[in-house]
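Below are the chains, spelled out letter by letter.
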Amino acid sequence: MAATSAPPPPPTPPPAAVKKTAPAPGPQGLAGLVVIPMATAAKQFVKSLWRPSTIVYPYERLEDPEFRKRVAVQSGRPIGVGEVWDNYRGVHALNIATCISCNLCAFSCPDVCIEMVNVDLGNGKSKKCPEIDYGKCSFCGFCSDACPEGCLTMTSNYTITTNHRSEMVYSPQRMYSIYQTKLPMNPIRQERPVNEDAILLDQDLCIGCNACARDCPTKCITMIDIPKPQPKPGEKLPKRIWKEPMVNDADCVRCGTCISVCPKECLYWGAHP
Ligand code: SF4
Ligand code: SF4
Ligand code: SF4
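Residues numbered from 1 in each chain as written. Chains lettered and ligands numbered in written order. Predicted model: local features only at pLDDT ≥ 70, side-chain atom pairs only at ≥ 80, totals over all residues.

Brief notes about the overall build of the protein
For the protein, the helix and strand inventory stands at 7 helices and 9 strands. By residue count, 16% of the 273 residues in the protein fall in the buried class. The contacts in the protein between residues at least 6 apart in sequence include a share of 72% that link residues at least 24 apart. (Helix = DSSP H or I, 4+ residues; strand = E, 2+ residues; numbered from the N terminus. Buried ≥ 20, exposed ≤ 12 C-beta atoms within 10 Å, placed from the backbone. Contact = placed C-beta atoms within 7 Å.)

What about helix α5 (residues 172-180)?
Considered for burial, the residues of α5 that qualify are Pro-172, Met-175 and Tyr-179. One side of α5 carries all its buried residues, which in axial view fall inside an arc of 65°. Facing away from the buried side of α5 by over 90 degrees, the exposed positions are Ser-177 and Gln-180. Buried residues in α5 make contact with β1 (92-94), β2 (114-122), β3 (125-133) and β5 (169-170). Remark: Lys-182 follows α5 within two positions and exhibits a positive phi of approximately 55°. (Arc of directions from axis to C-beta.)

Notes on the site of ligand 3
Taken together, 13 residues surround ligand 3, and among them Cys-206, Cys-209, Ala-211, Cys-212 and Cys-262 come closest. The class makeup of the residues in the shell around ligand 3 is 10 nonpolar, 2 polar and 1 charged. (Near = placed C-beta within 6 Å. Nonpolar A, V, L, I, M, F, W, Y, C, P; charged D, E, K, R; others polar.)

Brief notes about the site of ligand 1
Taken together, 13 residues sit near ligand 1, with Cys-99, Cys-102, Cys-105, Cys-147 and Leu-152 positioned nearest. Residue composition of the shell around ligand 1, grouped by class: 10 nonpolar, 2 polar and 1 charged.

Some points on the nonpolar core
With 21 residues, the main nonpolar core has Leu-94, Leu-104, Cys-105, Cys-143, Cys-147 and Leu-152 as its most contacted residues. Of all elements in the fold, only β1, α3 (104-108), β2, β3, α4 (142-146) and α5 reach the threshold of two or more residues within this core. If you look at the next biggest cluster of nonpolar residues, it comprises 8 residues, including Cys-212, Cys-216, Ile-221 and Cys-262. (Core = buried A, V, L, I, M, F, W, Y, C linked by C-beta atoms within 7 Å.)

As for the sheet that holds β2
If you walk across this open sheet you meet the 3 strands as β2-β3-β5, and the pairing is antiparallel. Looking at the sheet topology across the chains shown, the edges are occupied by β2 and β5. Taken strand by strand, α5 contacts β2, β3 and β5, and its axis lies near 80° from that of β3. (Pairing = 2+ DSSP bridges. Axes fitted to C-alpha atoms, helices over the stretch in contact; angles between N-to-C directions.)

Regarding helix α1 (residues 29-50)
Compared with an ideal rise of 1.5 Å per residue, which puts 22 residues at 32 Å, α1 spans 33 Å between its outermost C-alpha atoms and is within 8% of the ideal. Bending of α1 peaks at approximately 30° at the position of Val-35, with proline Pro-37 no more than four residues after it. Counting buried positions along α1 yields 0 of 22 residues, so the element is predominantly exposed. (Expected span 1.5 Å × (residues − 1). Bend = angle between axes of the 7 residues up to and from the residue.)

Comments concerning the environment of Thr-161
With respect to the secondary-structure elements, Thr-161 resides in the loop between β4 (152-154) and β5. Residues Thr-161 and Tyr-134, 27 residues apart in the sequence, show an inter-C-alpha distance of 10.0 Å.

Notes on the confidence of the model for the protein
Residues at a pLDDT of 70 or more form 81% of the protein, whose mean pLDDT is 84. Note that pLDDT drops below 50 for residues 1-6; the model gives that stretch 0 contacts with residues more than four away or on any other chain. (pLDDT = per-residue confidence, 0-100.)

Re unusual backbone geometry
Looking along the chain, the bond that leaves Tyr-57 and enters Pro-58 is cis, with omega of 5°. Checked against the element boundaries, Pro-58 lands in the loop between α1 and α2 (65-75). Even without a glycine there, the phi angle at Asn-123 is positive, about 55°. Within the element layout of this structure, Asn-123 appears in the loop between β2 and β3. Note on Asn-123: 6 C-beta atoms within 10 Å, which makes it exposed.

Let's talk about the environment of Pro-217
Mapped onto the fold, Pro-217 is located in the loop between α6 (211-215) and β7 (221-225). When the C-alpha positions of Pro-217 and Cys-252 are compared, they lie 9.0 Å apart, and in sequence the two are 35 residues distant. If near-sequence neighbours (up to four positions away) are discounted, Pro-217 is found in contact with Ile-100, Ser-101, Cys-102, Cys-255 and Thr-257.

Encoded structure:
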């Protein structure tokens, strides 16, 4: 039996022609070729009588407050200040005192150049703070964006040249000394995203071991008592402590430490209930 032939498909319409907009014509003739370029050059020349367009590095440095002040006085407008320069992503400054050892900086680093190392706080106390290897750092700024306490910021310090690779590893103390110089620092993330997930608990799996509360860097987890059920005849109650974690969401910095230390995998990220 002959198969019924299908009607031929309708012809595809030709693609619409892309309209190209011609660039706006610049000044033509003598004005465009001679007068305007000469006027621009003359303007720059006059400006340079008050302030050169370049700086004499390394004798003059943009991060030097004295130099910035002098340039500001001479030109009425410091180079780059308040523009690109203050957002420069250079060597980090770390405030050891406010670091909560949450590990978010190391976790966010795409180059894996942050290691959490012990810092001696005296009185036999210590805490973990980030150490950064500038031999690997790509100055992306993810770490300082992720830092919930704003204690790890990037500064306008760009001088990291050295003869030895090992000197490119900056200890927390070295970054603290940069913090003390009070260089302009990158703006830090002040507000949380509105759709941020929260820590949720699968109550049936929890054994009340306290590991999450113990390791939470902000101490925002409280172990609360839960009622111990009465077993039915022949029924065995699970072996557990009759407590479960309650997270104070306002203080949680979303570090995920609790999730990673929970031995029963009962904590997870989820939308706010
Ligand atoms: S993200 Fe900030 S608070 Fe957390 S460990 Fe790093 S520097 Fe410390
Ligand atoms: S994610 Fe967990 S460990 Fe980290 S601050 Fe929040 S409750 Fe604490
Ligand atoms: S670490 Fe896990 S099992 Fe232990 S109390 Fe916290 S949520 Fe429960």
